[in-house]
Amino acid sequence: MSTNHNKIRPVYRPVYINLMQIRLPVSALISITHRLSGIYNFFITLPISLYLLYFSTKSYNDFILIQDTLSQPNIISTFVTFSFLVYAYHILTGIRHLLQDVHIGESLSASSKSAYLVLIIWFSLSFLLMMRLYL
Amino acid sequence: MKGSSLFYWLRLSALFMLGYTVWVSSFILINQPVEYNSWISFTNQTFFQLSTTFAAFFFLVHTFIGLWTVGTDYFTPRTLGFLHPTLAKYADLIRSGYTFLFVALGVLIVTTTLFIIWS
Amino acid sequence: MTLSINIYRYNPEKDKFPYMQSFEFEKPKRDIMVLELLNQLKEKDPTISYRRSCREGVCGSDGMNINGKNGLACITPLSSVIKKNKLDLRPLPGLPVVRDLVVDMTEFYAQYEKIKPFLQNDTPVDIGERLQSPEDRDKLDGLYECILCACCSTSCPSFWWNPDKFVGPAALLQAYRFIADSRDTKTAERLQSLSDPFSVYRCHGIMNCVSVCPKGLNPNEAIGEIKSMLLSNKSNQNIITSDKAG
């Protein structure tokens, strides 16, 4: 009904969007965390990587300092490992995205299966890296 | 701006950076613990310098498209208006500020990378 | 067994802000649909407002958010949605609320209109109808069944943020329904009008649409097909010839 477009409407009408109440299936969670991890990578992981690249190639002593710090379990190595894990998360969810672009895994069941698969892979990777650091 | 171009460049840059990441990570993981000399010779090779330069360029393309999309989703009069009505008035200004921030940071990152690689 | 039913209430003439109203409801011996529950509650409180018509899931009037998930009240059994004896009924998310569970569908319909949801074919017809083979007709399965209930588009975060620019899963499914129709000749023009960064490309594969569709349709798949066609059109620029209207 195109007449609806011209109807005068009240200035204020509430809109219902409560993310805590609206049910979000696993694919939706993967999507939003993919976005958040991308933002984190841009502001944190990338600058860290540049820092590491610069100092690891600057001098032998700088290289050894970095290598020692990152192989011991401490605040810095944990933070750096976590940041690279966020990068890995973005890559894993990104690959899932690329596969859906070529029409692999577009059905509802395939989509949630691939979502859980990505989460399992990522949590396993996180567990392995953190174990390697701390044990 | 054609939508299909943005779609294409986002994926192309992603694929290049994926390949680059796998390549560099493989070197680091296979050569554990990494020796200083082998790391220097790896990063000094022209192929590494060129790849990293391309990676920096694709990083800019990928992140600019992504962050612009985020900005036009959340920093709009409608979306910010859901949080608070006064925010809606300044939405375009906030989005401009956000855009300036990530563009400036992106350019800084790439310039720094080129400096590190080529000097 | 008493159920606690919470309904989103908002009367623009009386209320400044929306609120949730609680009702106690004796759990029925046989399973009923959410619409039947609403009808019984309306007998207790006649001011509760909601849209409904066919009561069999074909008109799309009674789309609402039932315990967090969009669906049609008339075909949603109580047993399938009740959680810990609680039921929350809220309007479809993202669209302005007119009153209680009734939302303003204008933006949703505007996007549907935008994609020109009618067959476009200027060639003359010999026989009195445009013939279509069974194989070509099969291509419309999973596309034509949409009842425009808006459950999908109102579950899509991209549609929440830009309902005026992103066309939304429902309208995109219909856009593809006409692109895929062998009798439609304006495919190039349809794709051209969808080629900007917002109409199609705000879809990031969140897949809420597929998860809530009461007819079991998959807008995500259709959108994927549109994206593929737009991409192959990009490399064949000379195909887009006609109107510049975007």
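As a reminder, the structure under discussion sits directly above these lines.
Residues numbered from 1 in each chain as written. Chains lettered and ligands numbered in written order. Predicted model: local features only at pLDDT ≥ 70, side-chain atom pairs only at ≥ 80, totals over all residues. Heavy atoms only, no water.

*Asks:* Requested: an account of the packing of helix α6 (residues 169-179) of chain C against helix α9 (residues 219-234) of chain C, with residues and values cited.
*Replies:* Residue and element names in this part refer to chain C. For the pair α6 and α9, the least separation of the axes is 9 Å and the interaxial angle reads 55 degrees. With respect to each other, α6 and α9 are oriented oblique. Of the two possible hands of crossing, α6 and α9 adopt the one that is left-handed. Contacts from P169, L172, L173, A175, Y176 and I179 of α6 reach α9 at P219, A222, I223, E225, I226 and M229. When the residues that make up the contact of α6 with α9 are grouped by side-chain class, the tally is 11 nonpolar, no polar and one charged. (Axes fitted to C-alpha atoms, helices over the stretch in contact; angles between N-to-C directions. Helix = DSSP H or I, 4+ residues; strand = E, 2+ residues; numbered from the N terminus. Parallel < 35°, antiparallel > 145°, perpendicular 65-115°, else oblique. Left-handed = near helix turned anticlockwise from the far one by under 90°. Contact = heavy atoms within 4.5 Å. Nonpolar A, V, L, I, M, F, W, Y, C, P; charged D, E, K, R; others polar.)

*Asks:* Describe in detail the interface of chain A and chain C, supporting the description with residues and values.
*Replies:* Facing the 25 residues of chain A at the interface are 37 residues of chain C. Regarding the contact of chain A and chain C, the summed buried area is about 2800 Å², with carbon and sulfur atoms giving 56% of it. The three residues of chain A that bury the most area against chain C are A:Y16, A:R23 and A:E106, which together make up 23% of that side's buried surface. Counting across the interface, chain A meets chain C through one salt bridge. Between A:R13 and C:D104 there is a salt bridge, with the nearest N and O atoms lying 2.9 Å from each other. Applying the counting criterion to the chain A and chain C interface returns 10 residue pairs in polar contact (both at pLDDT 80 or more). (Buried area = accessible area lost by both parts, 1.4 Å probe. Salt bridge = Lys/Arg side-chain N within 4 Å of Asp/Glu carboxyl O. Polar contact = N/O pair within 3.5 Å; in protein donor to acceptor, adjacent residues only side chain to side chain.)

*Asks:* Give me the pattern of salt bridges: which residues, what numbers.
*Replies:* Residues and elements named next belong to chain C. Applying the stated criterion across every chain yields a total of 17 salt bridges over all chains. Between D100 and R99 there is a salt bridge whose closest N-O contact spans 3.9 Å. Take D100: its relative accessible area is 1%, and that puts it in the buried class. Overlapping salt bridges, with partners in common, bring together R9, D45, R99 and D100 in one network. (Buried < 20%, exposed > 50% of the residue type's maximum accessible area, 1.4 Å probe, protein only.)

Read these as geometric descriptors, not functional statements.
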